[in-house]
Amino acid sequence: MKRIGPFVLERRLAPTRTAVLGYSLLAIVIALLLMSIIFWAYGVSPVKAYSAIGRTTLGTRFGLMEILRRTIPLLLCGVGLVIAFRAKFWNIGAEGQLLAGAVAATWVALFSGIPAPWKIPAMFLLGFAAGALWGIIPALLKVKLQVNDVISTLMMNYIMAYLVKWLIYGPWRGPSMRGFAYTDLFPRDAWLPLLAYSKVHWPTLLIGLVAAVTAALILSRTRLGYEIRVAGDSPDAAHYAGIGFLGVSVWVMLLSGGLAGLAGVGEVAGIHHRLLEPDHVSLGYGYTAIIVAWLARGSPMAAIITSLLFGLIFAAGDEIKVTLQMPFQITNVFNGMILFFLIGVEFLLYWRVRFVGKGKGWAGKAGS
Amino acid sequence: MPKGLPAVAVSTHRACRTLLTKKQYSADQPVRQLDSLPTGPAILDGAMTEKRANAHPPPSEASKDVALLMVDIVKTFPGVVANDRVTFEVRRGEVHALLGENGAGKTTLMNILYGLYQADSGEIYLYGKRVRIRSPRDAIRHKIGMVHQHFKLVARHTVAENVVLGLSGTPFLAPARAVEGKIRELGELYGLKVDPKAHVWQLSAGEQQRVEIIKALVRGADILILDEPTSVLTPQESEELFKILERMKEEGHSVIFITHKLDEVMAVADRVTVMRRGKVVATLPTAEVDKPTLAKMMVGREVVFRLKKAACARGNEALVVENLWALSDRGLPALKGISFSVCRGEILGIAGVAGNGQKELVEVITGLRRATRGRVVVLGDDVTNKNPRRIADKGVAHIPEERLKMGIVPEMSVAENLILKKHHRPPFCRGFLLNLRAVRRFARHAIEEYEIMTPSPETPAKLLSGGNIQRLILARELSGEPALVVAAHPTYGLDVGATEQIRQILLQQRERGAAILLISEDLEELMTLADRIAVIFEGEIMGEVTPEEASLEEIGLMMAGEKRGVRA
């Protein structure tokens, strides 16, 4: 037990599901309330802003499709990160792994010469492999050389981003693009099919949903999932049980990086149809997916819900830019606040706060 | 509670600053004046105290020799009443034992007295005056000192530096030198021999404990709380501690001695308060009570001190260790050429003070630490430096010392914890998939057979009590009839009931034909269970004895580093 001013804190061992859900919602609500202050400071009525956002995103088919389009990369990256986070492997590198997938897809589409019917499967396959490779490198660095996973995965993002820049300014710059830093457009047979009148590349969405279900099954029903959970919850117990960290880390990052790679394939083959500047390929999906995974609290199925939520926020960002004439970066502010408050309520999950008033709990002031 | 150490250290530090900057404070000042220090709204005025005094008779003129009185202390934690209307009295100049099983509420009561917890209700009187203790700082100001079970010393500092840490009113330059004289003086007075200039890491556990006691005395403690003080000591060191306590008694200090060892109560205490399940069973002078009665009060039923043990039927050697060398975590030699063997149907006990290589020995045998030299042979196969899983699969069970950190995965369910180490083999795993039906079936079976008290197999393991966590580990490790059981401190910190059950289980395994390597600091346990006892000191085996021929004294000397037969 601890005491802070008139409050008493009591340790809680196991937060209930309702508490987790309730406090997560609380975090989002607080973030929404703070956002309205920002709207207000910008001279926009928060009520008007939220209703406009709600109307245009949730109220129209176009808006709903925009949400889905944003959800796809978040879902794939998010599910992968859930797996990594369950093993306490802090993969901050989904962004780079996504770009690695995009690069591999571009190579298949433009330079491989793989015949048409095999092109799209090959893009996904190699995209997964490229993302997985980009993820396994930090895993090996961590297990073999004790390199901090947060730092190495984060740095790998920059390496990949500059690699993409080099490709599009250098060897892969499209001759037909008149000096712009793009590759050529992919041939039509390398374009993913879209839902009618939208930018929703449904094969990737489907893969994302299958990935969520599969990841849930892997974690709960397989030997690998069991070992991931043991290694994540108690490294000492894993060591004691002879569970190899090398194996767990490599598997986890293979899946995590691979899924992010698939997201990259979806973005270039479904939307842009070419490789372009890294921050146009991905609007920071790999970073936002960290919040998606954190909010899902270790459950890949929950990542479906949380990625939809952040899909909505991205779609709303577009709306804020167009209708309210505010910068698109407002979504980053919002994402940041949600993550901030989510980590804040973590405290409430494990400590029960009770008000005891002045009389009983005035430890700090007396005598000092 | 988060880690207690920093909080205590900080508040102690600030407390002393407060004390010593207020010039009127000195060790011989009357308590009354201390109470008049500005302590906020909590200290009750005289009228209030009187009113309370009417409700509770004790703080009257007649009980002048009562140093401490805790009345009707109630403390609840979510789901448990840790202290249920506990009344506890300590007289001036007595050693008062607080006896009870783990979870009886002894430590909770003392943590309330030391200000680490707040009681939900109840009152504390010191020398007849009501006080309120809201932090260790308050406790120290009221001249209460506490020596925790795990010492809170800075290993790289000297004794004097540790004593002076957080003590204010010392010179800015070379503060440690200022207290060296005081430390020597106290050492003379109480027999607390320790060199103020020695570094703490060089000291034995007994010496470190003395430093802790000196720390409390320098801060003017009149009432000293010792939490399970002998758990880290050799028998000889315990004897010395008891002598120190005698001296303190003579000087008028009151000592509260928390323990669950009956022998110590009889040896050192004037009176004893027995607690069970949060309540006080009785407070008695030790002269008027005997061990079996105390044990019955403590446990609530008759206790068998001797377990029935079949004659040792030694079979083949299950474990042979030859000239084993290994390094500690700090890269220093922890095992220096250890050799022994354990046969099937035999228990070999390893005695020794903690930190003499026991941990490293267990880890090397189970594959968790690399041997730098030597061999470990299990059932005729050399398994030196093999992967822990390979060794476990050969039929080596490991009951680890660190139950919570290593023995279980706290967040995972009881059922999932029960298959750890076996999760990769049939029937729990077929190919890539786990067989959840088999896992559940095994869990139900194990929970019943080992009497694991859990709401359900799906309950997270971290919610179980210590005894039940140990039952879970035993159920898991002993399933599949292992040929060798490496048990590190299997009953440490468990209550009498669980201890008895776990010892029975180990004896059953022995009768079944398992070889058991039992590492324990509890000499009584080793004398009861083991067929042979080897004593380890600084990574070497000092000698080997059988419980029948050995005396506690002889083992104690070996634990302190004397080789068998070397002694004159």
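A.B. asks: So what's going on with the overall build of chain B? Which residues, and what values?
C.D. replies: Of regular secondary structure, chain B possesses 20 helices and 22 strands. Sorting the 568 residues of chain B into buried and exposed places 46% on the buried side. Within chain B, contacts between residues at least 6 apart in sequence are counted, and of these 67% link residues at least 24 apart.

A.B. asks: Lay out the overall build of chain A with the relevant residues and their values.
C.D. replies: Counting secondary structure elements, chain A contains 15 helices and three strands. Radius of gyration (C-alpha) of chain A: 23 Å, near the 21 Å computed for a compact globule of 368 residues. For the C-alpha atoms alone, the extent of chain A along its principal axes is close to 80 × 60 × 35 Å. Taken over 368 residues, chain A has a buried fraction of 47%.

A.B. asks: Any details on the nonpolar core? Residues and values, ideally.
C.D. replies: Membership of the largest hydrophobic core comes to 269 residues, with the highest contact counts inside it found for C77(A), L113(B), V486(B), L518(B) and V535(B). Each residue touching V535(B), except ones within four places of it in the same chain, is listed here: A351(B), G352(B), I541(B), M542(B), G543(B), I555(B), M558(B) and M559(B).

A.B. asks: Tell me about the domain arrangement of chain A, residues and numbers included.
C.D. replies: Residues and elements named next belong to chain A. Each assigned domain of chain A is listed here: domain 1 (1-44 + 334-368) and domain 2 (73-308). The distance between the C-alpha centroids of domain 1 and domain 2 comes to 34 Å. The interface of domain 1 with domain 2 comprises six residues on the first partner and five residues on the second. Breaking the side of domain 1 that touches domain 2 down by element, the ones donating at least two residues are helix 1 (17-41) and helix 14 (330-350).

A.B. asks: Give a detailed account of the confidence of the model for chain A, specifying residues and quantitative values.
C.D. replies: Taken as a whole, chain A shows an average pLDDT of 89; of its residues, 96% reach a score of 70 or greater. Below a pLDDT of 50 lies the segment residues 359-368 of chain A, which in the model reaches 22 contacts outside its immediate sequence neighbourhood of four places, other chains included.

A.B. asks: I'd like a rundown of the environment of I92(A), residues and numbers included.
C.D. replies: All names here are of chain A. Within the fold, I92 resides in the loop between helix 3 (61-86) and helix 4 (94-111). Under the C-beta neighbour-count criterion, I92 is labelled buried, with 21 such atoms within 10 Å. Sequence separation between I92 and M156 is 64 residues, and the spatial gap between their C-alpha atoms is 9.2 Å. Beyond its immediate sequence surroundings of up to four residues, I92 is in contact with V150, T153, L154 and I290.

A.B. asks: I'd like a rundown of the domain arrangement of chain B, residues and numbers included.
C.D. replies: The figure often quoted for interface size is the accessible area lost as the parts come together. Residues and elements named next belong to chain B. When its domains are assigned, chain B resolves into domain 1 (4-299), domain 2 (304-395 + 482-568) and domain 3 (409-480). Across the boundary between the two partners, domain 1 contributes 10 residues, which contact 12 residues of domain 2. Put simply, the parts of the chain that give the side of domain 1 that touches domain 2 at least two residues each are helix 9 (235-250) and helix 11 (291-299). Classifying every residue of the side of domain 1 that touches domain 2 by side-chain character gives five nonpolar, four polar and one charged.

A.B. asks: Go over the confidence of the model for chain B, please, and point to the residues and values.
C.D. replies: Residue and element names in this part refer to chain B. Residue-level pLDDT values for chain B average 82, and 85% of them are 70 or greater. Across residues 1-62, where pLDDT falls below 50, the model places 81 contacts with residues more than four positions away in sequence or in other chains. Scoring the predicted complex yields pTM 0.74 and, for the interface, ipTM 0.83.

A.B. asks: Talk me through the sheet that holds strand 3 (residues 95-100) of chain B; I want residue IDs and the actual numbers.
C.D. replies: Picture the strands of a sheet paired through backbone hydrogen bonds; they go either parallel or antiparallel. All names here are of chain B. Read from one edge to the other, the open sheet built from six strands follows the order 6-7-8-3-9-10, with strand pairing classed as mixed. Edge positions in the sheet fall to strand 6 (144-147) and strand 10 (279-285), since each of these pairs with one other strand and no more. Taking each pair of neighbouring strands and ignoring which way they run, the sheet shows an average axis angle of 20 degrees. Of the strand pairs in this sheet, strand 7 (residues 223-227) and strand 8 (residues 254-259) are connected by five bridges, and their pairing is parallel. Along strand 8, the bridge assignment pairs L226 with F257. The strands touched by helix 9 within the sheet are strand 3, strand 7 and strand 8, with strand 8 carrying the most contacts at an inclination of about 150 degrees.

A.B. asks: Lay out the packing of helix 8 (residues 223-233) of chain A against helix 10 (residues 245-272) of chain A with the relevant residues and their values.
C.D. replies: Residue and element names in this part refer to chain A. Look at helix 8 against helix 10: their axes get within 10 Å of each other, and the N-to-C directions meet at 110 degrees. Regarding the angle of helix 8 to helix 10, the classification is roughly perpendicular. Contacts between helix 8 and helix 10 involve L224, E227, I228 and A231 on the former and, on the latter, F245, V248, W251 and V252. Grouping the amino acids of the contact of helix 8 with helix 10 by side-chain chemistry returns seven nonpolar, no polar and one charged.

A.B. asks: Explain the pairing of strand 10 of chain B to me, using residue names and the numbers behind them.
C.D. replies: All names here are of chain B. Bridging between strand 9 (residues 271-276) and strand 10 involves six bridges; their strand directions are antiparallel. Its bridge partner lying in strand 10, V274 is registered against A282. Linking strand 9 back to strand 10 in an antiparallel pair, the connection comprises two residues, with R277 at a positive phi of about 45 degrees.

A.B. asks: So what about the sheet that holds strand 14 (residues 371-378) of chain B? Which residues, and what values?
C.D. replies: Residue and element names in this part refer to chain B. Spatial ordering of the open sheet is given by 12-11-14-15, a layout of four strands whose pairing is antiparallel. Because the sheet does not close on itself, it has two edges, and the strands there are strand 12 (333-343) and strand 15 (381-382). The pairing of strand 11 (residues 317-327) with strand 12 spans eight bridges and is antiparallel. Bridging from a neighbouring strand, V321 pairs with F340 of strand 12. Of the strands in this sheet, strand 11, strand 12 and strand 14 are in contact with helix 12 (residues 358-366), which crosses strand 12 at around 60 degrees.

Calculation notes
- Residues numbered from 1 in each chain as written.
- Chains lettered and ligands numbered in written order.
- Predicted model: local features only at pLDDT ≥ 70, side-chain atom pairs only at ≥ 80, totals over all residues.
- Helix = DSSP H or I, 4+ residues; strand = E, 2+ residues; numbered from the N terminus.
- Buried ≥ 20, exposed ≤ 12 C-beta atoms within 10 Å, placed from the backbone.
- Contact = placed C-beta atoms within 7 Å.
- Rg over C-alpha atoms; globule rule 2.2 N^0.38 Å.
- Core = buried A, V, L, I, M, F, W, Y, C linked by C-beta atoms within 7 Å.
- Domains from an automatic or database assignment.
- pLDDT = per-residue confidence, 0-100.
- Nonpolar A, V, L, I, M, F, W, Y, C, P; charged D, E, K, R; others polar.
- Pairing = 2+ DSSP bridges.
- Axes fitted to C-alpha atoms, helices over the stretch in contact; angles between N-to-C directions.
- Parallel < 35°, antiparallel > 145°, perpendicular 65-115°, else oblique.

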